[in-house]
Amino acid sequence: MALDRETAMQVASVLSKGLPYIQRFTGKTVVVKYGGNAMENDDLKSSFARDMVLMKTVGLNPIVVHGGGPQIGELLERLNINSHFVNGMRVTDSETMDVVEMVLGGQVNKEIVSLINHHGGTAIGLTGKDANLIRARKLEVVNRSPELTRPEIIDIGHVGEVESVNTEVINMLTRSNVIPVIAPIGVGRDGASYNINADLVAGKVAEALNAEKLILLTNVSGLKSKEGNVLTGLKAKRVNELIEDGTIHGGMLPKIRCALSAVENGVRTAHIIDGRVAHATLLEIFTDEGVGTLISRD
């Protein structure tokens, strides 16, 4: 059925406005951290997969790093394995780590790969253990509570941080027209597996590749001012000021620090966008308005 004239003009206008961005970003690498509501709603899952395929088709190199905390929690509950958290991080003993690998490296990763392939792309799923893609070290958590006479180191098990990224593997895949889909599991020098925060993995992958953009999908509309307005077009210096005056606090702090680290270490821009909006990634990259907060180096 043919489009009516008004609809056809709207479609043509959208495509025309996107052209300068397509020309500008052709050949550039965009690292997208995928998680939250965008991963739990079937329509949003489908729109995300189509976004990745379209980006690859018009010449960008999308790289997906995904989370899966709710799915891990659900399986642990079904298996009657208790979870507890320290500073927002799941304490991960050997038994829990087995579940993390099963969910992230298996269930979640393969579902994303399957969706992208279903929509015409060519995706390959990886964990950080494949080809030593993500070399990790154990994360130390220090309790500096004023009641203690000296800082206390808390062992939270197989929770890690990124030590290095094997960019050769990723570059080989992107040159072969493949979309890498990476589960945030790293491997230590002793061969042990480590569960790593997906935002941190996405940021370090973006830094290692000198990516054009790091995009963090979230469950909020972006970084907000104290008045509730979404802030965007921020330089790193301004973001640090907002941290100091308390505008940025709580759960948003780790994401903002991840974005700041990225732009201060080779990534051109970092974006914190609303994953609850269909096609949020395309809207952020290919429109003037975007759907979240853009942060750039000073």
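Scoring rules and cut-offs
Residues numbered from 1 in each chain as written. Predicted model: local features only at pLDDT ≥ 70, side-chain atom pairs only at ≥ 80, totals over all residues. Heavy atoms only, no water. UniProt positions renumbered as here; feature names shortened; annotations may be inferred. 1 Å grid on protein atoms, 1.4 Å probe; cavity = no way out; pocket = protein on both sides within 12 Å on 5 of 7 lines; lining within 4 Å. Buried < 20%, exposed > 50% of the residue type's maximum accessible area, 1.4 Å probe, protein only. Contact = heavy atoms within 4.5 Å. Points joined across faces, edges and corners; volume = space filled by probe spheres on them. Helix = DSSP H or I, 4+ residues; strand = E, 2+ residues; numbered from the N terminus. Nonpolar A, V, L, I, M, F, W, Y, C, P; charged D, E, K, R; others polar. Pairing = 2+ DSSP bridges. Axes fitted to C-alpha atoms, helices over the stretch in contact; angles between N-to-C directions. Parallel < 35°, antiparallel > 145°, perpendicular 65-115°, else oblique. Left-handed = near helix turned anticlockwise from the far one by under 90°. Salt bridge = Lys/Arg side-chain N within 4 Å of Asp/Glu carboxyl O.

Enquirer: What is the right way to look at the UniProt feature "site: Transition state stabilizer" (unreviewed entry) in the protein chain in this model?
Expert: The positions that UniProt labels "site: Transition state stabilizer" (unreviewed entry) are, in the present scheme, Lys33 and Lys255. Sequence-wise these annotated residues cover 223 residues; spatially they are packed, their C-alpha atoms never more than 10.7 Å apart. As for the annotated residues, the ones lining the largest pocket are Lys33 and Lys255. Residue class for Lys33 comes out buried when judged on its relative accessible area of 10%. With sequence-adjacent residues up to four places away left out, Lys33 is seen in contact with Val65, Gly67, Ala198, Asp199, Ala202, Ile215, Leu216, Leu217 and Lys255.

Enquirer: How should empty space enclosed by the protein be read in this particular structure?
Expert: A probe matching the size of a water molecule, rolled over the atoms, marks out where space remains unfilled. In total, this model carries one cavity of 30 Å³ or more according to the counting rule given. Within this model, the largest cavity holds a volume of roughly 60 Å³. Ala38, Leu44, Ser47, Phe48, Asp51, Leu217, Gly275, Val277, Ala278, His279, Ala280 and Thr281 are the residues that line the largest cavity. For the lining of the largest cavity, the elements supplying multiple residues, two or more each, are helix H2 (42-57) and helix H9 (280-286). Looking at the lining of the largest cavity, its residues break down into seven nonpolar, four polar and one charged.

Enquirer: Where do I start with the sheet that holds strand S13 (residues 213-218) in this structure?
Expert: Think of a sheet as strands paired side by side through backbone hydrogen bonds, with each pair either parallel or antiparallel. On the basis of which strands lie adjacent, the open sheet formed by eight strands has the order S5-S10-S2-S1-S13-S15-S16-S14 and mixed pairing. One side of each edge strand has no neighbouring strand; the edge strands of this open sheet are strand S5 (123-127) and strand S14 (234-235). Looking at chain direction, S14 and strand S16 (residues 292-296) are connected through two bridges and run parallel. Looking across to S16, one finds that Leu234 is bridged to Ile295.

Enquirer: Explain the layout of surface pockets to me, please; I cannot follow it from the model alone.
Expert: The calculated volume of the largest pocket comes to roughly 1100 Å³. Contributing to the lining of the largest pocket are 42 residues, with Gly88, Ile196, Asn197, Ala198 and Asp199 lying nearest its centre. Sorting the residues of the lining of the largest pocket by element identifies helix H3 (69-78), strand S4 (89-90), strand S9 (160-165), helix H6 (198-208) and helix H8 (252-263) as the ones contributing at least two each. Taken together, the residues of the lining of the largest pocket break down into 16 nonpolar, 16 polar and ten charged. Around the second largest pocket, the lining is made up of 16 residues, and of these Val14, Leu15, Gly18, Phe286 and Thr287 lie nearest the centre. For the lining of the second largest pocket, the secondary-structure elements that each account for two or more residues are helix H1 (5-25) and H9. Here the lining of the second largest pocket gets six residues from one element, more than from any other, and that element is H1. Looking at the lining of the second largest pocket residue by residue, the classes come out as ten nonpolar, three polar and three charged.

Enquirer: How should the packing of H3 against helix H4 (residues 94-118) be read in this particular structure?
Expert: For any two helices packed against each other, the geometry comes down to the angle between their axes and how far apart the axes lie. Two numbers describe how H3 lies on H4: the axes approach to 9 Å, and their chain directions differ by 125°. Judged by the inter-axis angle, H3 sits oblique to H4. H3 and H4 meet at a crossing whose hand is right-handed. Note on element contacts: H4 touches H3 through Thr96, Val99, Val100, Met102, Val103, Leu104, Gln107 and Val108, opposite Gln71, Ile72, Leu75 and Leu76. Residue composition of the contact of H3 with H4, by class: nine nonpolar, three polar and no charged.

Enquirer: What is the right way to read the pattern of salt bridges from this model?
Expert: Tallied over the entire structure, the rule returns 14 salt bridges. Where Glu163 meets Arg137, a salt bridge forms, and the shortest distance between an N and an O atom there is 3.6 Å. Residue Glu163 is located in strand S9, and its partner Arg137 is located in strand S6 (residues 134-138); the two are separated by 26 residues in the primary sequence. Among the residues examined, Arg137 registers a relative accessible area of 37% and is labelled partly exposed.

Enquirer: Which parts of the structure should I look at to understand the side chain of Gln71?
Expert: Among the secondary structure elements, Gln71 is positioned in helix H3. Apart from residues no more than four positions distant in its own chain, Gln71 is found in contact with Met39, Val103, Gln107 and Val108.

Enquirer: I keep staring at the pairing of S5 and nothing clicks. Help me out?
Expert: Summarising burial for S5: four of the five residues are buried, a large majority. Sheet analysis places S5 next to strand S10 (residues 179-183), joined by five bridges and oriented parallel. In the strand pairing of S10, Leu126 is matched with Ile182.

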